[in-house]
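# Observations on the model geometry
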There are 2 protein chains.
Amino acid sequence: MPSNDKLFAYNLGQIVPLNEATLHISDLSVQRGYGVFDFVKVQQGYPLFLDDYLDRFYQSAELMHLAVPLSREEIKQVISKLTDLNKLPVAGMKMILTGGYSEDGFTPMNPNLLITQLPLTLPSADKVAKGIPIMTHDYVREVPEVKTINYSMGIRLLQEQKASGAEEVLYAKNAIVSEFPRCNFFIVTHDGTVVTPASNILKGITRKNVLSLAGRRYKTEVRDIRLEEVLQAREAFLTSTTKRILPIVQIDEAMIGTGKPGEVSMQLLQDLISLEVEQVAAAKGW
Amino acid sequence: MPSNDKLFAYNLGQIVPLNEATLHISDLSVQRGYGVFDFVKVQQGYPLFLDDYLDRFYQSAELMHLAVPLSREEIKQVISKLTDLNKLPVAGMKMILTGGYSEDGFTPMNPNLLITQLPLTLPSADKVAKGIPIMTHDYVREVPEVKTINYSMGIRLLQEQKASGAEEVLYAKNAIVSEFPRCNFFIVTHDGTVVTPASNILKGITRKNVLSLAGRRYKTEVRDIRLEEVLQAREAFLTSTTKRILPIVQIDEAMIGTGKPGEVSMQLLQDLISLEVEQVAAAKGW
C-alpha cells in the first residue's frame, strides 16, 4: 500500500489518507488474528452487488460475535465518499472488522472498522485464454461459512505453490474438494452439467451469480464433488470477485479436459461480464 | 493496553511508548491474520527459560516462512532494555512477528517485529485451591506445532464458554484430546501415572518443565489420550506460562476424581514454583 499516495481510507471513524491509516498494536487482529472482512468490486464508480456483500459482511460479524459499528446506510455512505475521493476506474473496496483494542489481549472489545479502496487488476486476456494450473492441498477451512481474516494456510502454502508452478491451491479434505483460499470452484461434467461444492465453503457472491447465469443455459448441481470426479471433468473453473471466471486446465499433474479453457467456462464468463455491465448501466440510469 | 501509560514497547525497530506503538493497516496480521508470536514470563526482572521460548519463536517463524529481523542476541537486548524501562515485578514479554506490510494484501513482505511487556497476574491462591471447570470442543488447531496468532476458534467460543461457566475450552477432535487454546493438558491416571497428549499440540515450555519435574517423582507418559480416559482420571490439570499449573475439577458435566485439586497436581505446582525460584536465584547470583 505505501505506493498509493493519493488514496483515502476510512479508519476508526474517520476518512484519512491511506498512508496514515494505522491501528494500535493491541488490536485483536494483530494480537490474535481475530476479525472478519469483505471485498466488493467497484466498476466505474459503482460497487457491484453491494447488498449481497453487505449481507455477508454483517453475517460474518455476527457469527464471530462482533458488532459492526456502522449501519448499512452509513457503510454505503463511506463507500460512496471513498469512491468519489479516490477516483479509481476499477477498484476493490475492502471492509475489515477486527476484535478491537483488547485489554487482555484475548477478549474482543469494541470492534474496529476499516474500509480501504485499492486499484484492482483483473486477470489478463492472455491468462483467461490459456487457463491456469492449480494444485490441491488436504485441508478444510476452520469456519468455512465465515469470511474471517484467517489465511494462515493459504499464505503458508505460497512457497510450495510457486515451486510447483500452480496459480492457486484447491482445498480437498479426504478427497472431497471445497474451495480455494480466495475463490470458489466449479466443474463441468461430461454430460454438460455445471457443478459446484455444497459444503465447507464460503458462499461467494460471484459463485451465486454464476450459478444463476448457468441455470439459464445448462443443468446445474450444488453437491459434494470428489477429487476423482474433477480429474474426469470436461472443464473446471474458479470464480471470485476479483478474478470473475478463470478456466482451470491442470490440477496437480493431471490435465483437465483438453488442457484448454472450455466452451461452458468462456460462455459463463461472457454472461457474467454482461451482467456486470447491465448492473452498472442500470445504476447509472444509462 | 490503553491504561498502561508508562510502559515502553519495541515497535518496528524502535523503543517507543506503548501507547504510540501502531502498525499501518496494510500489515498482514490485520489483512490476513498472518503472524507468529511467543510469550515469556519475567519474574524479578528475569525472563524465565528465555532460550526455550526463543527457540520456539524462531522455529514458528521458520515454519511460517517469516524471517525474524533481529538475532537472538538483539532480541535479548531489547527484552533487557524493556525490562529495565518498565520495572514490572511480574510481567509477560510478548514477541509478535507479522507478515509485514504486504503490497497485494496477501503475499508476505519484510516481517514486522513487535515486543511488548505487560503486567501479569498469576492465578489466585483461591482459584488454585478450588480448581476450575472446563468444557470440551470438537476441534484441532490448523498448524498445531506453530504458535501462530490465529485464535479465531478460542475467541469465538468465549461466549459459549462463559455461558457454560467453564474457565477454559479443551480441544478434543474425534474424542482424542489435544490442548487448550493457550494451555497444555495433563491427567493423572488411577495408577498415578502423569500423562500428556503427544500430538496435535503446541509444545509448551511449561509442559516440558512439568514433564521433567514429574519424571523425578512419578511415572510419565506422552501419548494420545481419549476423552473417556479423562473422565476416569484421578486428577487433571493444565499448564501454561501464565497459569503455571491449574487443577481441573470438572469437564463438561463430569466431575474429575474427587472434584477437588489432587495431590500430584499440587505437588507438581510446588516443584514448578521452586524451579522458577532457583532459575531467578541462579541468574541473579544469589
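Residues numbered from 1 in each chain as written. Chains lettered and ligands numbered in written order. Predicted model: local features only at pLDDT ≥ 70, side-chain atom pairs only at ≥ 80, totals over all residues. Heavy atoms only, no water.

## So, the interface of chain B and chain A
Which entries qualify depends on this criterion: Residues are treated as being in contact if the distance between any of their heavy atoms lies within 4.5 Å. Summed over both partners, buried area is the accessible surface (1.4 Å probe) that two parts give up on being assembled. A pairing counts as a salt bridge when a side-chain nitrogen of Lys or Arg comes within 4 Å of a carboxyl oxygen of Asp or Glu. Definition of a polar contact: a pair of N or O atoms within 3.5 Å, with one able to donate and the other able to accept a hydrogen when the atoms are protein atoms, and with sequence-neighbouring residues admitted only if both atoms are side-chain atoms. Gly counts as polar in this scheme, as do all residues outside two lists: the nonpolar Ala, Val, Leu, Ile, Met, Phe, Trp, Tyr, Cys and Pro, and the charged Asp, Glu, Lys and Arg. Strand pairing requires that DSSP identify at least two bridges connecting the strands. Starting at the N terminus, helices and strands are each numbered in turn, a helix being any DSSP run of H or I of at least four residues and a strand any DSSP run of E of at least two.
Listed by partner, the interface residues are 47 residues for chain B and 47 residues for chain A. Counting each side, the surface lost to burial between chain B and chain A is near 4700 Å², with a carbon and sulfur contribution of 59%. The tally of links between chain B and chain A comes to 0 salt bridges. In this structure, the connection of chain B to chain A is made through 19 residue pairs in polar contact (both at pLDDT 80 or more). Taken together, the residues of the side of chain B that touches chain A sort by class into 23 nonpolar, 16 polar and 8 charged. For strand 3 (residues 22-24) of chain A and strand 3 (residues 22-24) of chain B, the ladder comprises 3 bridges, and the chain directions are antiparallel. Residue pairing for strand 3 of chain B: A:Thr22 is matched across the bridge by B:His24.

## Here's the deal with the relation of the copies chain B and chain A
Rule in force here: Copy-to-copy alignment: least squares on C-alpha atoms, limited to residues at pLDDT 70 or above in both.
Least-squares fitting of chain B to chain A yields an RMSD of 0.0 Å, with the transformation described by 0.0 Å of translation along the axis and a rotation of 180°. Both copies are brought into coincidence by an operation consistent with a two-fold rotation axis. Minimal C-alpha distance to the rotation axis in chain B is attained by B:Gly33, lying at 2.0 Å.

## Considering helix 9 (residues 263-284) of chain A
All names here are of chain A. As a reminder, the rule being used: Helix span, as expected, comes to 1.5 Å for every residue beyond the first. Only protein chains enter the accessibility calculation, which uses a 1.4 Å probe; a residue is then buried when its area is under 20% of its type maximum, exposed when over 50%, and partly exposed in between.
Here helix 9 is 22 residues long and its end C-alpha atoms lie 32 Å apart, about the 32 Å a rise of 1.5 Å per residue gives. Along helix 9, the residues that are buried comprise Val 264, Ser 265, Leu 268, Leu 269, Asp 271, Leu 272, Leu 275, Glu 276, Val 280 and Ala 281. Phi turns positive one or two residues past the end of helix 9, at Gly 285, with a value near 70°.

## Side note on the pattern of salt bridges
All names here are of chain B. Under the criterion given, the structure shown has 34 salt bridges over all chains. With a shortest N-O distance of 2.7 Å, Arg 217 and Asp 271 are connected by a salt bridge. Here the residue Arg 217 occupies a position in helix 7 (residues 205-217), and Asp 271 occupies one in helix 9 (residues 263-284), the gap between them amounting to 54 residues. Classification of Arg 217 as partly exposed rests on a relative accessible area of 49%.

## Some remarks on the packing of aromatic side chains
Where we set the bar: Pairing of aromatic side chains requires ring centres within 6.5 Å, counting the rings of Phe and Tyr and the six-membered ring of Trp. Pairs whose planes differ by under 30 degrees are stacked, by over 60 edge-to-face, and all others tilted. Sitting over a ring, as applied to charges here, requires NZ of Lys or CZ of Arg to be within 6 Å of the ring centre and within 35 degrees of the ring normal.
In total, this model carries 12 aromatic pairs over all chains according to the counting rule given. Each ring, one from B:Phe180 and one from B:Phe185, has its centre 5.9 Å from the other, and the planes form 65°; the classification is edge-to-face. B:Phe185 shares its class with B:Phe180; the two are buried. Every member of this aromatic cluster is reached through a ring pair, and the members are A:Phe37, A:Tyr151 and B:Phe106. In this structure, B:Lys94 is placed above the aromatic ring of B:Phe37, and the distance from its NZ or CZ to the ring centre is 5.0 Å. The residue whose ring lies beneath B:Arg182 is A:Phe106, and the NZ or CZ to ring-centre distance is 3.5 Å.

## Let's talk about the environment of B:Gly165
For B:Gly165, the position within the fold is in the loop between helix 6 (158-164) and strand 9 (168-173). Along the sequence, B:Gly165 and B:Gln279 sit 114 residues apart, while their C-alpha atoms lie 36 Å from each other.

## Re the pairing of strand 6 (residues 90-98) of chain B
Residue and element names in this part refer to chain B. With 8 of its 9 residues buried, strand 6 lies for the most part within the structure. Strand direction decides the pairing type here: strand 4 (residues 35-43) and strand 6, joined by 9 bridges, are antiparallel. If you follow Lys 41 over to strand 6, its bridge partner there is Gly 92. The pairing of strand 6 with strand 7 (residues 112-119) spans 8 bridges and is classified as antiparallel. Residue pairing across strands places Thr 98 opposite Asn 112, the latter belonging to strand 7.

## Brief notes about the domain arrangement of chain A
All names here are of chain A. Selection criterion: Segmentation into domains, and thus their bounds, comes from an automatic or database assignment.
Domain annotation for chain A reports domain 1 (8-119) and domain 2 (125-276). Using only C-alpha atoms to locate each centre, domain 1 and domain 2 end up separated by 27 Å. Residue-level contacts link 20 residues of domain 1 with 18 residues of domain 2. When domain 1 packs against domain 2, the two sides together hide about 1600 Å² of surface, and 65% of this comes from carbon and sulfur. The largest contributions to the domain 1 side of the interface with domain 2 come from Phe 37, Phe 49 and Arg 56, which together make up 33% of the buried area. There are 2 salt bridges connecting domain 1 and domain 2. When the shortest N-O distance is used, the salt bridge between Asp 52 and Lys 208 registers 3.0 Å.

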